[in-house]
Amino acid sequence: LYVGLAGAVIWVGSHFVNDISKHIERINHYKNMSYREVIAEIKTPEEAEWYVRNYIKPKTMRRIDSFRLIHENREGDCAEATVAAAALLSDNGFPPTYLGMEDKKGKTRHAVFLYNQDEKWGTIGINSSDNQPPKFSSLEEIARFLGYERYRLGTIGEGIIPDWITTDRTLG
């Protein structure tokens, strides 16, 4: 039971309060860890998705941060979500692969972390629709599902910034 500021009474079921409490507890757990400890703790795409969707606060960015800065600042857009997922799974056999997408006119751009399990592609990203279990047979299928016309496969840090997880510099 909750009494609001204007005296309105709102019923909050105990399961809802418990879920929120666990959610906050998990966020605080990650806040008290270094970026290296978080990488070591998170093992699965599902755990990485939870971190990306709940720990990182969505914000329109003009730069791309390293995972170290993302973890410390807790802010990011689709690029940071992609970097975070790649970093979190980097010690679990998942290459730092992303799918960059854009609309037909090249004006709207978006990115998701891309991983492969059992010969199917899955994605992790900042938006709820970005988070898809491995069910896609092709990259084109993913791009179309997410509403984009053009796409490209890339590797985070390839040939540009090899320390994309640890640096205190922005990536772009």
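Note: the structure precedes this text.
An account of the accompanying structure is given in this report. This one's a predicted model, so the numbers in the text were calculated from it and none came from an experiment. Residue indices begin from 1 for each chain and proceed along its sequence in written order. At least 70 in pLDDT is required for a residue's local features to be given in this predicted model, at least 80 for side-chain atom pairs to be given and counted, and no such filter applies to totals for whole chains, interfaces and linings, which use all residues. For side-chain calculations, the full set of non-hydrogen atoms in the structure is used, while hydrogens and water are omitted.

### Observations regarding the overall build of the protein
Just so we agree on the cut-off: Labels follow the DSSP assignment, with helices taken as runs of H or I lasting at least four residues and strands as runs of E lasting at least two, numbered in each case from the N terminus. Throughout, a contact is declared for two residues whenever any of their heavy atoms are within 4.5 Å. Here the Shrake-Rupley method, with its probe set to 1.4 Å, supplies the accessible areas, and only the displayed protein chains count as covering residues.
The secondary structure content of the protein amounts to six helices and nine strands. Partitioning the intrachain contacts of the protein with sequence separation of at least 6 by distance along the chain shows that 51% fall at a separation of at least 24. Total accessible area on the protein stands at roughly 9,900 Å², and carbon and sulfur atoms take up 51% of it.

### With respect to the side chain of Thr123
Structurally, the position occupied by Thr123 is in strand β7 (residues 120–124). Among residues more than four places away in sequence, those in contact with Thr123 are Val112, Phe113, Leu114, Tyr115, Asp130, Asn131, Gln132 and Ile142.

### Description of the pairing of strand β5 (residues 97–102)
Counted only if it meets this: Buried residues are those whose accessible area, probed at 1.4 Å on protein chains only, stays under 20% of the maximum for their type, while exposed residues exceed 50% and partly exposed ones sit between those limits. Any two strands with at least two DSSP-identified bridges between them are counted as paired.
Among the six residues of β5, five are classified as buried, and the element is accordingly described as predominantly covered. Two strands pair when backbone bridges link them, and β5 and strand β9 (residues 150–155) are joined in this way by six bridges, in the antiparallel orientation. Note on β9: the bridge partner recorded for Tyr98 is Gly154. Between β5 and strand β6 (residues 109–117), which pair antiparallel in sequence order, lie six residues; one of them, Gly106, sits at a positive phi of approximately 75°.

### A look at the sheet that holds β7
We count it as follows: Orientation is described by axes fitted as lines to C-alpha atoms, over the contacting stretch for helices, and by angles from 0 to 180 degrees between their N-to-C directions.
In space, the five strands of this open sheet follow the order β8-β7-β6-β5-β9, with antiparallel pairing throughout. Looking at strand neighbours, the two that pair on one side only are β8 (132–136) and β9, the edges of this open sheet. Averaged over all pairs of adjacent strands, the angle between strand axes in this sheet comes to 35°, irrespective of strand direction. Lying on the sheet, helix α3 (residues 45–55) is in contact with β6 and β7; it crosses β7 at an angle near 25°. Each of β5, β6 and β7 touches helix α5 (residues 78–88); the most contacted strand, β6, lies at about 20° to it.

### Focus: α5
Along an α-helix, a turn takes 3.6 residues, which lines up residues three or four apart on a common side. Burial analysis of α5 places 11 of its 11 residues in the buried class, which makes it a mostly covered element. Every buried residue of α5 is accounted for by Cys78, Ala79, Glu80, Ala81, Thr82, Val83, Ala84, Ala85, Ala86, Ala87 and Leu88.

### Focus: the packing of aromatic side chains
Quick reminder of the rule: The rule is short: rings of Phe, Tyr and Trp, with Trp giving its six-membered ring, pair when the centres are within 6.5 Å, and they are stacked under 30 degrees, edge-to-face over 60, tilted in between.
Scanning the model with the defined rule gives eight aromatic pairs in all. Relative to Tyr55, the ring of Tyr30 has its centre 6.3 Å away and its plane inclined at 90°; by these criteria the two rings are edge-to-face. With Tyr30 in helix α1 (residues 14–31) and Tyr55 in helix α3, this residue pair connects regions lying 25 residues apart in the sequence. The burial state of Tyr30 is the same as that of Tyr55; both residues are buried. Exposure remark for Tyr55: the relative accessible area of 2% places this residue in the buried category. An aromatic cluster of at least three residues, connected via ring pairs, comprises Tyr30, Trp50, Tyr51, Tyr55 and Phe67.

### Here's the deal with the nonpolar core
Convention followed: Think of a nonpolar core as a cluster: buried Ala, Val, Leu, Ile, Met, Phe, Trp, Tyr and Cys residues, connected wherever their side-chain atoms sit within 4.5 Å.
Ranked by size, the top nonpolar core spans 31 residues in total, and within it Tyr30, Val38, Tyr51, Phe67, Leu88, Phe113 and Ile124 carry the most contacts. Elements with a minimum of two residues in this core: α1, α2 (35–41), α3, α4 (67–73), α5 and β6. For this core, the element with the most residues is α5, which contributes eight residues. Ignoring any residue separated from it by four or fewer positions in sequence, one finds Ile124 in contact with Pro45, Ala48, Glu49, Val52, Ala85, Leu89, Val112, Phe113, Tyr115, Asp130 and Asn131. Counting residues in each nonpolar core, the second largest holds 10 residues, with Leu99, Val112, Ala143 and Tyr148 among its members.

Nothing here speaks to function; it is geometry throughout.
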